[in-house]
Amino acid sequence: MVAAPAYRVSHLEALEAESIFVLREVIAEFARPVLLFSGGKDSIVMLRLAEKAFWPAPIPIPVMHVDTGHNFAEVLAFRDQRVDELSVPLVVASVSEALDAGLVHEPADGSRNRIQTPVLLAAVEKYRFDALFGGARRDEEKARAKERVFSFRDEFGQWDPKNQRPELWALYNGRIHPGESIRVFPLSNWTELDVWHYIAREGLALPSIYYAHDREVVQRDGMLYAVHEFFRTRPHERPFVARVRYRTVGDASCTAAVRSTADTVAKVIEEVAATRITERGATRGDDRVSEAAMEDRKREGYF
Amino acid sequence: MDLLRFATAGSVDDGKSTLIGRLLYDTKSLFDDQLAAVEAVSAARGDEYTNLALLTDGLRAEREQGITIDVAYRYFATPRRKFIIADTPGHIQYTRNMVTGSSTADLALILVDARKALVEQSRRHAFLCSLLRVPHLVLCVNKMDLVGWSQSVFEEIADEFASFAAKLEAPDLTAIPVSALHGDNIVSRSANMPWYEGQSLLHHLERVHIASDRNLVDVRFPVQYVIRPQSTRYPDYRGYAGQVASGILKPGDEVMVLPSGFTSRIASIETADGPVPQAFPPMSVTIRLTDELDISRGDLICRPNNAPAAAQDIDAMVCWMDETRPLAVGGRYAIKHTTRSARAIVRDLQYRLDINTLHRDEHATGLALNEIGRVRLRTTIPLLADEYRRNRTTGGFVVIDETTNRTVGAGMILEAA
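Residues numbered from 1 in each chain as written. Chains lettered and ligands numbered in written order. Predicted model: local features only at pLDDT ≥ 70, side-chain atom pairs only at ≥ 80, totals over all residues. Heavy atoms only, no water.

Trainee: For unusual backbone geometry, give the residues involved together with the corresponding values.
Mentor: All names here are of chain B. P259 follows L258 through a cis peptide bond whose omega is 5 degrees. With respect to the helices and strands, the residue P259 is situated in the loop between β10 (254-258) and β11 (262-271). A cis amide bond links P281 to the next residue, P282, at an omega of 5 degrees. Turning to its location among the elements, P282 is positioned in the loop between β12 (274-275) and β13 (284-289). One non-glycine residue, W149, adopts positive backbone phi at about 55 degrees. Locating W149 in the fold gives a position in the loop between β5 (136-142) and α7 (151-166). Positioned with a positive phi, N370 is a non-glycine residue whose angle comes to about 70 degrees. (Helix = DSSP H or I, 4+ residues; strand = E, 2+ residues; numbered from the N terminus.)

Take a look at the structure:
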């Protein structure tokens, strides 16, 4: 007998193998898949996995970004650069255009988080996408912890948490009727720390705002928001400069920064390993609406 | 650092949520904001204690009704291992959730309340773990503080469980006396139970030997996708992508492709990071052969002298998962098995098993939600199948309703001919 320790893989290799399996299943079984790419770290990792899954062939599907019009400029520049490098087609579903066309209306609080959903669903219908890869992870949020890797959406894009398909072994059921779709989450079993370890291992470039930098911010609800053209400061809020980085990247209107001096991947890993606050808890105003904010948005068709 | 997936079974009453909460908290995987949110909700509901079940009961309906409906996945890591917990509800009406959570588990953790001794529920959990071939079982006898840390109470429950488990061809079994509430024997050995000479739960989870659970003998590589770049740089490239189900593949190995039966040799095993000298589970790789063969998704690469059956008559234990329509003899369904899809007709229901008593009802005419029975199927195309007990990947399949597209059953192959 050969000694067993030779036939082992690390946890990161096991996660990578599982994600690549999921990506290949979808490309093999669906007619019109698309990969949601925001320029955030999770979607950057997912895009890297797609690159590896089909190598040496190019990524065989387009990527799509739902652009709220409130994004950080560094992130959009990064998105365009990465898409160019990989020569994948980019579909931009623009919230600003949807506002102009009257499909959605500007919410009173200035956050376009919730009105992304109808824009996303309109793009799915327009391009007849039947499978959408998302970078969501189960460790992010308690409703996501209950969601399948292949998450069925009806013709209205809605998630029904009480009526999910059982998911056994690695046998994913992707059968749908016309108009329905599946959201696929290849990173379901990854944690924030796994993502950062993988970024280090693969030497992946990220938008600069993930690393510590000096930025003018205001404090609100215990979080630090960048003073930004898309963020409405309130009269009593005093801007100040702090050394910060972003743990998640979303809209400038609802994503907060955290105080940090981590300016390299290694330092970020150290910081994430020691943190006592979850990623979304530290940075997302949109999750604080209610105990079930994420579940409610997902039911409507959110990512 | 490697990866261990484990399923937990038990109800809130057994202290399962407290146990998971304790593991997460003591490994610093439970965050302050999560804890604060749970404390706030507990206080608002008037709970007398911080209800850690709220951590895993992530859905609105679950929190409103105070019950766990669905499998929740939780993650924690120690310097030795990363862990994925599939937290499943324990009541009989959630058998399908437990079957789901156990299907990928390396280990199952069964919780019993030391005051109640073995109940029907624990036996059922043990049976389901053995049915799903979960290789390691841990019996946690919880609430030891409430029985005066009694050695005899623990041993009585552990012995009874062991004798029951022996009838089930149960795998490796370990029993640990714990108090999840006080943390005894969870992360470190308890000073309250000096008579217990075993390891703490976390110590066991970190060290239980799982490497040899994988089947490294039978080469099984279901082809998932054919990679053909047809680019100027790779004009003639043709590679067969997939995840190794079992066995070890090496360049130069003679292989056979099913269902055609053609043989060839492995020219190279490739990944985006470069060629590799060998592939074994759970690696996702691309295999290139020395000959041009017609191979497509759903085919399987194995060795000429060690091949699965190519079978259309399948005997399997089936767990039914659909509340709307029962499995019926004569029913037609879609089947997904490895990367292969087929249609099947139910030829016979040999018996329905009472999962509490293991009594076989040979007069049963159907399987309703959460019922398990031995079924004979005839498939439209051959499945490239092994017995489930030998191979969880090539021995398992799901049953899909062709009209609703719902996943309605899970099958574990007993015989394929």
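Trainee: Go over the sheet that holds strand β1 (residues 33-36) of chain A with me, naming the residues and quoting the values.
Mentor: Residue and element names in this part refer to chain A. If you trace the 6 strands from one edge of the open sheet to the other, you get β3-β2-β1-β4-β6-β5, paired in mixed fashion. The sheet is open, and its two edges are formed by β3 (90-94) and β5 (150-153), each paired on a single side. On average, each strand axis in the sheet is inclined to that of its neighbour by 30 degrees, with strand direction left out of account. Pairing analysis gives 3 bridges linking strand β4 (residues 131-133) to strand β6 (residues 181-184), with the strands arranged parallel. In the strand pairing of β6, F133 is matched with V184. Packed on one face of the sheet, helix α1 (residues 11-29) meets β1, β4, β5 and β6 and runs near 155 degrees to β4. (Pairing = 2+ DSSP bridges. Axes fitted to C-alpha atoms, helices over the stretch in contact; angles between N-to-C directions. Contact = heavy atoms within 4.5 Å.)

Trainee: Describe in detail the packing of aromatic side chains, supporting the description with residues and values.
Mentor: Working definition: an aromatic ring pair is given by the centre-to-centre distance plus the angle between the planes. Tallying each qualifying case throughout the model produces 22 aromatic pairs over all chains. An angle of 75 degrees between the planes, with centres 5.3 Å apart, marks the rings of A:F54 and B:Y225 as edge-to-face. Of this pair, A:F54 sits in helix α2 (residues 41-54) while B:Y225 is found in strand β8 (residues 225-227), placing the two residues in two different chains. For A:F54, a relative accessible area of 2% translates into the label buried. On the basis of an interplanar angle of 85 degrees and a centroid distance of 6.3 Å, the ring pair of B:F154 and B:Y196 is categorised as edge-to-face. One end of the pair, B:F154, is in helix α7; the other, B:Y196, is in the loop between β6 (172-177) and α8 (201-207), with 42 residues separating them in the sequence. Of the two residues examined, B:F154 and B:Y196, each falls in the buried class. The positively charged end of A:K298 is found above the aromatic ring belonging to A:W159, 6.0 Å away from the centroid. (Phe/Tyr/Trp six-rings, centres within 6.5 Å; stacked < 30°, edge-to-face > 60°. Buried < 20%, exposed > 50% of the residue type's maximum accessible area, 1.4 Å probe, protein only. Lys NZ or Arg CZ within 6 Å of the ring centre and 35° of its normal.)

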